[in-house]
Amino acid sequence: MKKFGLDNGGHKRTPAAAHLKLTKDESGISIDQSMYKSMIGSLLYLTASRPYIIFDVGVCARYQADPKMSHLTQVKRILKYINSASDYGILYSSYENSKQIGYCDADWAGSADDRKSTYGGCFFLGNNLISWFSKKQNCVSLSTAEAEYIAAGSNCSQLVWMKQMLKEYNVEQDVLTLYCDNLSAINI
Amino acid sequence: MNTACHIHNRVTLRIGTTTTLYELWKGRKPTVKYFHMFGSKCYILFDRDYRRKMDLKSDEGIFLGYSTNSRAYRVFNSKTETVMESINVVIDDVPKGRVPYVDADVVTPALETNAPTQVIESEPEKDENEDIEPDQMSTKKGLSTRVQKNHPLDLVIRNPDEGVTTKRSVGVIANSCFVSKIEPKNVKEALTDEFWIEAMQEELNQFKRSEVWDLVPRPEGVNVIGTKWIFKNKSDEHGTVTRNKARLVAQGYTQIEGLDFDETFAPVARLESIRLLLGVSCILKFKLFQMDVKSVFLNGYLNEEVYVEQPKGFIDPSFPNHVYRLKKALYGLKQAPRAWYERLTQFLVGQGYKKGGTNKTLFVKNDNGRLMIAQIYVDDIVFGGMSNRMVQHFIQQMQFEFEMSLVGELTYFLGLQVKQMEDTIFIS
């Protein structure tokens, strides 16, 4: 997977800088689109077992149409991070309770280009991580509360899907818990 | 044997001339500078993997010969126990502690200077590659036995008393001497290579075994689909070729929707549902297994009438204008995955399994509260059950109905590496 040339060099401890904002960067230097796309493709494949890079890959994937140098450096940083974290994985263990729990969060106007928000979530069964996602919202939300609300809504649908699936394994769920981070809603 | 042929082509002189066989064939003088002694110890420099400064620089290996399609050497890596090709090899022709053997009959070192003239009888100019005709074969055999007679005993790999080991018993090592390294681009190319012909024959035999088609006269006004050979070298995790695989596919793109087929889909599962299965298997505490169906799509029965052309290179001489009517699906047909899914569903439902409501690729059998679960991903099946007996029963049934390969514990699925421990599962 990591045969994108010379990336057995540096190691990074995080996939991205904490407050990194990628933009369209229209004045930047253009780079080879197909290479960029193939990098993104490989990374997307890796997200199947690595939940920790899904947001960063998602952000980088938005610029596939016109990749610039700044985007490539970011993708390379993710690759370097994976390089150092290549032996990480997910541990599934048996646990007494098998409650279904979801966590979700959203950033408000996270995309500097079109002010749309990005939300994500992850879902546990007992203490086993089952699924995760990160997605840019389709509409522009006017407040953090709205962004979080949309996130909670779509996370619910995922939870219900999991519940249906579990029914087929004869594992019944009575209460589905979803934790979200919506301070303004509490204040309202 | 390849190596013997390789050397032979470069050093033996054609009778009555002063040209080597290689010169006749290629029109230029061969170089023997890179020749080394067969079976010598060598050191293979790591050039593929990531290596730190203080790590070992090379692996020990045994020199086996020359690559057929590049300048690389073919070596046996003693550490990983594989045959590989590499150009970064240092070969130690005269190992320490052994007097170099001086005898007219030791072929390899002697060859570097001059050629033995007694072996030329009637060799035709030959491709240096694999195809050796029977008569040549016998001369080769004579040659190699004569050489072995005077080999120093410690040069001989393996016990000479063991006799000739066959392809199967030695596994990968010998096997890689019996496969072609090249992937032909079309049938014409493949038909010149005996290994590929064998591979194609094998595919057709498989068709015969599972009664895929009948030869019928060409029908009127029906879309006859062309066929094509696909050639692929299968390699193991070290990148060495282990098998030549030829697959006959139908050119499904000539099929017309509504006329030749109506619905197409393949039974794939969402990754989430596979992880969910892993999670559930932990909670319910059962082990997961996987199996792989051989030539999956050849198992599906077709509802539609589909005709295909006879495969190129294997046309029946008595009925050259006939076509094959398919009874089962072929790779490349639009309806092949669907036909397979239907067949499997039918079979499993017949065995008392219930198809999942939200996840159509999940089959569950409930036997007095004890579950048996099978998750399908086209040709891969992940399954597990609460009782050992049910799992064994499932394996038996499946093996009886379909041709299976690779039945075992779940270790690698869709690019996910899965490690199963006592009561935990680790994926990465």
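Residues numbered from 1 in each chain as written. Chains lettered and ligands numbered in written order. Predicted model: local features only at pLDDT ≥ 70, side-chain atom pairs only at ≥ 80, totals over all residues. Heavy atoms only, no water.

(A) Structural detail: the interface of chain A and chain B. Counting residues at the interface gives 31 residues for chain A and 36 residues for chain B. Linking chain A with chain B are 0 residue pairs in polar contact (both at pLDDT 80 or more), by the criterion used here. Per-element accounting of the side of chain A that touches chain B gives the leading share, 7 residues, to helix H4 (residues 144-168) of chain A. Across the side of chain A that touches chain B, the residue classes break down as 15 nonpolar, 12 polar and 4 charged. (Contact = heavy atoms within 4.5 Å. Polar contact = N/O pair within 3.5 Å; in protein donor to acceptor, adjacent residues only side chain to side chain. Helix = DSSP H or I, 4+ residues; strand = E, 2+ residues; numbered from the N terminus. Nonpolar A, V, L, I, M, F, W, Y, C, P; charged D, E, K, R; others polar.)

(B) The arrangement of the layout of surface pockets in detail. All names here are of chain B. In this structure, the second largest pocket occupies an estimated 1100 Å³ of space. Lining the second largest pocket are 31 residues, and of these Lys-234, Arg-243, Lys-245, Asp-292 and Ser-405 sit closest to its centre. Looking at the lining of the second largest pocket, the elements with two or more residues in it are helix H8 (194-209), strand E9 (241-250), strand E10 (288-293), strand E17 (404-409) and strand E18 (412-413). For the lining of the second largest pocket, the class distribution of residues is 12 nonpolar, 7 polar and 12 charged. (1 Å grid on protein atoms, 1.4 Å probe; cavity = no way out; pocket = protein on both sides within 12 Å on 5 of 7 lines; lining within 4 Å. Points joined across faces, edges and corners; volume = space filled by probe spheres on them.)

(C) Representation of the side chain of Thr47(A). Secondary-structure assignment places Thr47(A) in the loop between helix H1 (33-46) and helix H2 (54-61). Non-local contacts of Thr47(A), meaning those with residues more than four positions away in its chain, are made with Ile53(A), Ile54(A), Val57(A) and Trp132(A).

(D) How the structure looks around the pattern of salt bridges. Applying the stated criterion across every chain, the model contains 2 salt bridges over all chains. Taking the shortest distance from any N to any O, the salt bridge between Asp114(A) and Lys136(A) comes out at 3.0 Å. Taken together, the residues Asp114(A) in the loop between strand E2 (100-107) and strand E3 (118-125) and Lys136(A) in strand E4 (residues 128-136) connect sequence positions 22 residues apart. Note on Asp114(A): relative accessible area 29%, which makes it partly exposed. The partner of Arg338(B) in a salt bridge is Glu342(B), with the nearest N and O atoms 3.4 Å apart. Linking Arg338(B) with Glu342(B), this pair stays in helix H10 (residues 336-350), spanning 4 residues, or about one helical turn. (Salt bridge = Lys/Arg side-chain N within 4 Å of Asp/Glu carboxyl O. Buried < 20%, exposed > 50% of the residue type's maximum accessible area, 1.4 Å probe, protein only.)

(E) Local environment of H1(A). Residue and element names in this part refer to chain A. For H1, with 14 residues, the first-to-last C-alpha span of 20 Å sits near the 20 Å given by 1.5 Å per residue. Within H1 the residues assigned to the buried category are Tyr-36, Met-39, Ile-40, Ser-42, Leu-43 and Leu-46. Angularly, the buried residues of H1 cover 160° about the axis, an arc narrow enough to put them on a single face. Elements that come into contact with the buried residues of H1 comprise H2 and helix H3 (69-84). (Expected span 1.5 Å × (residues − 1). Arc of directions from axis to C-beta.)

(F) How the structure looks around the environment of Gln310(B). Among the structural elements, Gln310(B) can be located in the loop between strand E11 (307-308) and strand E12 (323-326). Considering only alpha carbons, one finds Gln310(B) and Val323(B), 13 residues apart in sequence, at a separation of 5.8 Å.

(G) Structural context of the environment of Lys328(B). Residue and element names in this part refer to chain B. With respect to the helices, strands and loops of the structure, Lys-328 is situated in the loop between E12 and H10. The spatial distance from the C-alpha of Lys-328 to the C-alpha of Ser-210 is 8.6 Å, given a sequence separation of 118 residues. Setting aside residues no more than four positions away along its own chain, Lys-328 makes contact with Ser-210, Glu-211, Val-212, Leu-298, Asn-299, Gly-300, Tyr-301 and Leu-302.

(H) Molecular detail of the confidence of the model for chain A. Looking at chain A as a whole, its pLDDT mean stands at 76, while 82% of the residues score no less than 70. Confidence, read as mean pLDDT per element, is least for strand E1 (residues 90-93) of chain A in chain A (75) and greatest for E3(A) (85). (pLDDT = per-residue confidence, 0-100.)

(I) Expanded view of H3(A). Residues and elements named next belong to chain A. Its 16 residues give H3 an end-to-end C-alpha distance of 23 Å, which sits within 8% of 22 Å, the value for a rise of 1.5 Å per residue. Those residues of H3 lying buried are His-71, Leu-72, Gln-74, Val-75, Ile-78, Leu-79, Tyr-81, Ile-82 and Asn-83. In this structure, the buried residues of H3 make contact with H1 and H2.

(J) Seen up close, the nonpolar core. In terms of nonpolar packing, the biggest core is built from 53 residues, with Phe383(B), Phe394(B) and Met398(B) touching the most fellow members. The leading source of residues in this core is H10(B), at 6 residues. Apart from residues no more than four positions distant in its own chain, Phe383(B) is found in contact with Lys287(B), Leu288(B), Phe289(B), Gln290(B), Met291(B), Met372(B), Ile373(B), Ala374(B), Val391(B), Phe394(B) and Ile395(B). Among the nonpolar cores identified, the runner-up in size contains 39 residues, and Met162(A), Ile274(B), Val280(B) and Leu410(B) belong to it. (Core = buried A, V, L, I, M, F, W, Y, C linked by side-chain atoms within 4.5 Å.)

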